[in-house]
Amino acid sequence: MSINEIRSQFPILDRSVNGRPLVYLDNTATSQTPRRVVEAIDDMYFAHKANVHRGVFALSQEATDLQEASREHVRKFLNARSTAEIIFTRGTTEALNLVASSFGGSTLRDGDEIILTVMEHHANIVPWQLLQSRINFKIKVVTINERGELDLDQYRSLFTDRTRLVSVTHVSNVLGTVNPIREIVDIAHSRGVRVVVDGAQAVPHLAVDVQALDADFYAFSSHKMYGPTGIGVLYGKEQLLENMPPYQGGGEMIGKVTFEKTTFAELPFKFEAGTPDFVGIAALAQALDFIADTSYELIASHEHELLQYTTARMLEIPGMRIYGTAPDKAAVISFLVDGCHHYDVGMLLDQLGVAVRTGHHCAEPLMNYLGIEGTVRASFAVYNTLAEADAFIAALNRVVAMLR
Ligand code: PLP
């Protein structure tokens, strides 16, 4: 499939902003959505809408079948063993809050320790801090080298006999670094420690096999990988999920309710209280099909070309500093240009039609570690072109000339 054929599936890419053709380079925050996903949403509303798992009537059965077919799609996508291991959430954030509250809350004890990394998104920091108000455990932090790669020797040295859990991002949303998850998991498992993986920035770019990674939990958001907003996935090993208490209470997640005692539903429904976003869940299947039809091979090779080309062109600009230079890196480029404030760069690029993100990217501890307030971040998806990379570089040169 050509990149133009891929682009033609995304109507928004044809629009202009501030009188210029849109160059959308904020894919790390959210990707754009192909027509087939939006059509699937329409189809759910126009033809199949009824509450799931409740009705004895045909329409409700159709909606339920579409939701559950999507769960099976996600199971295959992640190579999970069973659909019991696939829980639908509102996104990565809710998935990580679920793990912290339910798994962390039921297994951690006062005096225990968990390990995070300095490159975590706030979504993989704050839920653990919230849990610290209930349990007095310690958070230890893995640092990075000058390329933005995790220091695995330091990681190994953080383990003690009180270490109970590691929670780590697969791909950094700032540095682009692809972390060696299997190695991180093996090191933890050899000490009997469980591993949670934040996959929000991985699934848009690379194939994930949860059995090959041997991750105990794996979380991601649909809206960052061409799917609808408002839904995400938590994968968890069945035996762990089985032993965890429910995260929220309500309809759908119960077996039998009396005022004296309530029993809970089987997996995965035990963790899906209330009416789920069954419309978005059904449409997520189309995003997975879009990725399958496009292929991760093409996504990875095209994004790699965009990354290499754009990085080389950016480094021609005097005073350019790029944060994150690991050889194994997703197409995310965080940068600063000497003498230019990141907000000014972002705002002026927008005037020229280029959408990039500025600020701390929900990774304030990483910014503190790097000794900076924020960066400008350009991030690519499979529908971006080399011509757009050129337009971005031309706009950036103009902006830098204006600001200096
Ligand atoms: N983790 C990482 C690495 C992210 O980049 C993000 C979003 O930018 C999140 C978690 C949170 O995702 P969401 O806001 O979709 O829950």
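Residues numbered from 1 in each chain as written. Predicted model: local features only at pLDDT ≥ 70, side-chain atom pairs only at ≥ 80, totals over all residues. Heavy atoms only, no water.

The next point concerns the overall build of the protein. Each helix and strand counted, the protein has 14 helices and 17 strands in total. A compact globule built from 404 residues would reach a C-alpha radius of gyration of about 22 Å, and the protein, at 22 Å, matches this within 12%. The C-alpha extent of the protein, read off along each of the three principal axes, is 70 × 55 × 35 Å. Residue burial in the protein is summarised as follows: out of 404 residues, 55% are buried. Nonlocal contacts in the protein, meaning residues at least 24 apart in sequence, comprise 71% of its contacts between residues at least 6 apart. Taken as a whole, the protein presents about 16600 Å² of accessible surface, with 52% of it coming from carbon and sulfur. The centroid of the 35 positive side-chain charges in the protein is displaced by 4 Å from the centroid of its 48 negative side-chain charges. (Helix = DSSP H or I, 4+ residues; strand = E, 2+ residues; numbered from the N terminus. Rg over C-alpha atoms; globule rule 2.2 N^0.38 Å. Buried < 20%, exposed > 50% of the residue type's maximum accessible area, 1.4 Å probe, protein only. Contact = heavy atoms within 4.5 Å. Areas by Shrake-Rupley, 256 points an atom, 1.4 Å probe, with all protein chains shown as cover. Lys, Arg positive; Asp, Glu negative; His and termini not counted. Charge placed at Lys NZ, Arg CZ, Asp CG, Glu CD.)

Any two side chains of opposite charge can pair, so long as their charged atoms come close to each other. A complete count under the given rule lists 22 salt bridges for this structure. One salt bridge connects R71 with E68, and the closest N-O pair in it is separated by 2.7 Å. One end of the pair, R71, and the other, E68, are both in helix α3 (residues 58–78), three residues apart, so they sit about a helical turn from each other. Owing to a relative accessible area of 0%, R71 belongs among the buried residues under this scheme. (Salt bridge = Lys/Arg side-chain N within 4 Å of Asp/Glu carboxyl O.)

Burial analysis of strand β8 (residues 194–198) places four of its five residues in the buried class, the great majority of the element. When strand β7 (residues 163–169) meets β8, the two strands line up parallel, connected through five bridges. Bridging from a neighbouring strand, S167 pairs with V196 of β8. Handedness of the crossover joining β7 and β8 through helix α7 (residues 181–189): right-handed. As paired strands, β8 and strand β9 (residues 217–221) are joined by three bridges and run parallel to one another. Each residue of the ladder has a partner; that of V197, found in β9, is Y218. (Pairing = 2+ DSSP bridges. Right-handed = clockwise from strand over helix to strand, strands pointing away.)

What follows deals with the packing of aromatic side chains. Counted by the stated rule, this structure contains 10 aromatic pairs. An angle of 65° between the planes, with centres 5.9 Å apart, marks the rings of F10 and Y226 as edge-to-face. Of this pair, F10 sits in the loop between α1 (3–7) and β1 (16–17) while Y226 sits in the loop between β9 and β10 (232–236), placing them 216 residues apart in sequence. Summarising the burial analysis for this pair, F10 and Y226 share the class buried. Here the aromatic residues F10, Y226, F290 and Y383 are joined through ring pairs into a cluster of three or more. Positioned over the ring face of F159 is R191, at 4.9 Å from the centre of the ring. (Phe/Tyr/Trp six-rings, centres within 6.5 Å; stacked < 30°, edge-to-face > 60°. Lys NZ or Arg CZ within 6 Å of the ring centre and 35° of its normal.)

Any two packed helices are characterised by the angle at which their axes cross and by the distance between the axes. Interhelical geometry of helix α2 (residues 35–47) versus helix α10 (residues 278–294) gives an angle of 150° and a closest axis separation of 8 Å. What the angle tells us is that α2 and α10 run roughly antiparallel. Here α2 and α10 pass one another in a crossing that is right-handed. Facing R36, V37, A40, I41, M44 and Y45 of α2, the residues of α10 in contact are F278, V279, A282, A283, Q286, A287, D289, F290 and D293. Along the lines of polarity and charge, the residues of the contact of α2 with α10 split into 11 nonpolar, one polar and three charged. (Axes fitted to C-alpha atoms, helices over the stretch in contact; angles between N-to-C directions. Parallel < 35°, antiparallel > 145°, perpendicular 65-115°, else oblique. Left-handed = near helix turned anticlockwise from the far one by under 90°. Nonpolar A, V, L, I, M, F, W, Y, C, P; charged D, E, K, R; others polar.)

Moving on: the domain arrangement of the protein. For the protein, the assigned domains read domain 1 (3–32 + 295–403) and domain 2 (38–292). When each unit is reduced to the centre of its C-alpha atoms, the spacing between domain 1 and domain 2 is 28 Å. Counting from both sides, the interface comprises 38 residues of domain 1 and, opposite them, 32 residues of domain 2. If you sort the residues of domain 1 by the area they bury against domain 2, Y296, L366 and Y369 come out on top, with a joint share of 23%. (Domains from an automatic or database assignment. Buried area = accessible area lost by both parts, 1.4 Å probe.)

Before going further, it helps to spend a moment on the site of the ligand. Near the ligand there are 13 residues, and of these T93, D198, Q201, S221 and K224 occur at the shortest range. Between T92 and the ligand, the recorded distance is 3.4 Å, taken from a backbone N or O atom to an oxygen atom. K224 is positioned with one of its side-chain polar atoms (N or O) 2.6 Å from an oxygen atom of the ligand. Contact with the protein chains covers 84% of the free accessible surface of the ligand, which is 390 Å². Among the residues forming the shell around the ligand, the class breakdown is two nonpolar, nine polar and two charged. (Near = heavy atom within 4 Å. Polar contact = N/O pair within 3.5 Å; in protein donor to acceptor, adjacent residues only side chain to side chain.)

So, about the sheet that holds β9. Ordered by their spatial adjacency, seven strands build an open sheet running β4-β10-β9-β8-β7-β5-β6, and the pairing between neighbours is mixed. Pairing within the sheet leaves two strands with one partner each, and these edge strands are β4 (86–89) and β6 (138–142). Direction aside, neighbouring strands of the sheet carry axes that sit 20° apart on average. Sitting on the sheet, α7 is in contact with β7 and β8, with an inclination near 175° to β7.

The buried fraction of β7 is high, at six of seven residues. Looking at chain direction, strand β5 (residues 113–117) and β7 are connected through three bridges and run parallel. Looking at β7, one finds that I114 is bridged to L165.

Now for the environment of L288. One can find L288 in helix α10. Exposure remark for L288: the relative accessible area of 4% places this residue in the buried category. When the C-alpha positions of L288 and N397 are compared, they lie 37 Å apart, and in sequence the two are 109 residues distant. Filtering out sequence-adjacent residues up to four positions away, L288 remains in contact with H73, V74, F77 and M225.

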